[in-house]
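Residue-level listing of the chains:
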Amino acid sequence: MSWKQIFTFSGVAVAGFLYLIYSQQEKILYLNETIPPKRTSENPAPYANPKQSGLDYEDVWFTTKDNHRLHAWWIPFTSRDDRTAPTLVFYHANAGNMGFRLPNLVAIHEKLNMNIFIISYRGYGESEGIPGEDGMKMDAVEGIQYLWTHKQNEMDAQKIFLFGRSLGGAVAVATAYALEHDQQLENAPRIAGLILENTFSSISDMVGKVFPFLDFAWIKKYMLRIHWRSIELIPSISSNLLFLACDHDEIVPHQQMVTLYEAAQQANTKQMFVIEGGTHNDGWMKGGDAYWQKIREFVQTSTPPSKL
């Protein structure tokens, strides 16, 4: 084989690889079918629904403005007549459906005494549609609007907290930003706090971790169709912020959490809790009692006293 043939073959191979990356970005990021089964109801016990873990819950369905029917779970802390408990809106990570978060949801329910509302993004679990950045942002905001319009008698609207892990952190940042700055949402509730765990500053910044050979500004400018630019939104968020960061995160570089923390200049309050030895998905286990106590204190200091 001549050098010309080698260069031609190499060029075609590189071009093919770049096209694959460009055209398949959603499938690379949104791993909604990677952990089988796709549908939450088909998960093995105890991952199919909260009742299998001993939690009272309600299947929630709502339809987005672009006509996708989405699934969520409402898990009340106590009786439906008790409005004093704070509410945690849980935005999960990119791989698998929400049922595989049930062990974490059980721990939150038991240790934090909170209502939980977890949304299955479009294309995940039982929800209709195909995952995508704009659509998932819509899903998250409309989930908050559902809470506001359908659960007012079961929760305290002044005690709503957003929680996002990994990709869910980017969803939570986008939601918090929209609730503060989108004029069409000016009647929506103001959140009491935003909790971010092991999330990234942007997809562009993650390229250096996942595809370091593509980590050049001119390549990313033309190649990236997914952005999730949390680093551009978080400086304008004025809510209370808590950052939960594992220092041995093998997926999202720890420094990206530090960068987000430093960029949150307008936050009413902000705190960083580092989980020593924790990796991407086990912070809530590796952090031990200190992890739960930090969240508990954050919730208590970020909410007004209950009105009896």
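Our structure is the block above this text.
This report concerns the structure included in the present document.

Each value, and the rule that gives it
In every chain, residue numbers begin from 1 and rise along the written sequence. In keeping with the model being predicted, local features are shown solely for residues with a pLDDT of at least 70 and side-chain atom pairs are shown and tallied solely at 80 or more, while totals for entire chains, interfaces and linings include all residues. Values shown for side chains rest on all heavy atoms present in the structure; no hydrogens or waters enter the calculation. Each residue gets one of three labels from its accessible area relative to the maximum for its type: buried under 20%, exposed over 50%, partly exposed in between, using a 1.4 Å probe on protein chains only. Put simply, DSSP marks the helices as runs of H or I at least four residues long and the strands as runs of E at least two long, and each gets a number from the N terminus on. Any two residues whose heavy atoms approach within 4.5 Å at even a single point are treated as in contact. Two strands pair under a simple rule: DSSP has to find at least two bridges between them.

On to helix α3 (residues 102-112), then. Helical periodicity: at 3.6 residues per turn, an α-helix aligns residues three or four positions apart in one direction. The element α3 is extensively covered by neighbouring structure, given that eight of its eleven residues are classed as buried. Within α3, burial applies to Leu102, Asn104, Leu105, Val106, Ala107, Ile108, His109 and Leu112. Lining the buried residues of α3 we find β2 (69-75), β3 (87-91), β4 (115-120), β5 (160-165), α10 (283-286) and α11 (288-302). Positive backbone phi, approximately 55°, marks Asn113, located one or two places after α3.

Most of β5 sits inside the fold, with six of its six residues counted as buried. By the alternation rule, side chains of β5 split into Ile160, Leu162 and Gly164 and Phe161, Phe163 and Arg165, which are all buried. Two strands pair when backbone bridges link them, and β3 and β5 are joined in this way by five bridges, in the parallel orientation. Looking at the pairing, Leu88 lines up with Phe161 of β5. Looking at chain direction, β5 and strand β6 (residues 193-197) are connected through five bridges and run parallel. The partner of Phe163 across the bridge, within β6, is Ile195.

Before going further, it helps to examine unusual backbone geometry. Going from Ala45 to Pro46, the amide bond is cis rather than trans, its omega being 5°. Structurally, the position occupied by Pro46 is in the loop between α2 (25-29) and β1 (58-63). With a phi angle near 55°, Asn113 is a residue other than glycine that sits in the positive phi range. Along the chain, the position of Asn113 falls in the loop between α3 and β4.

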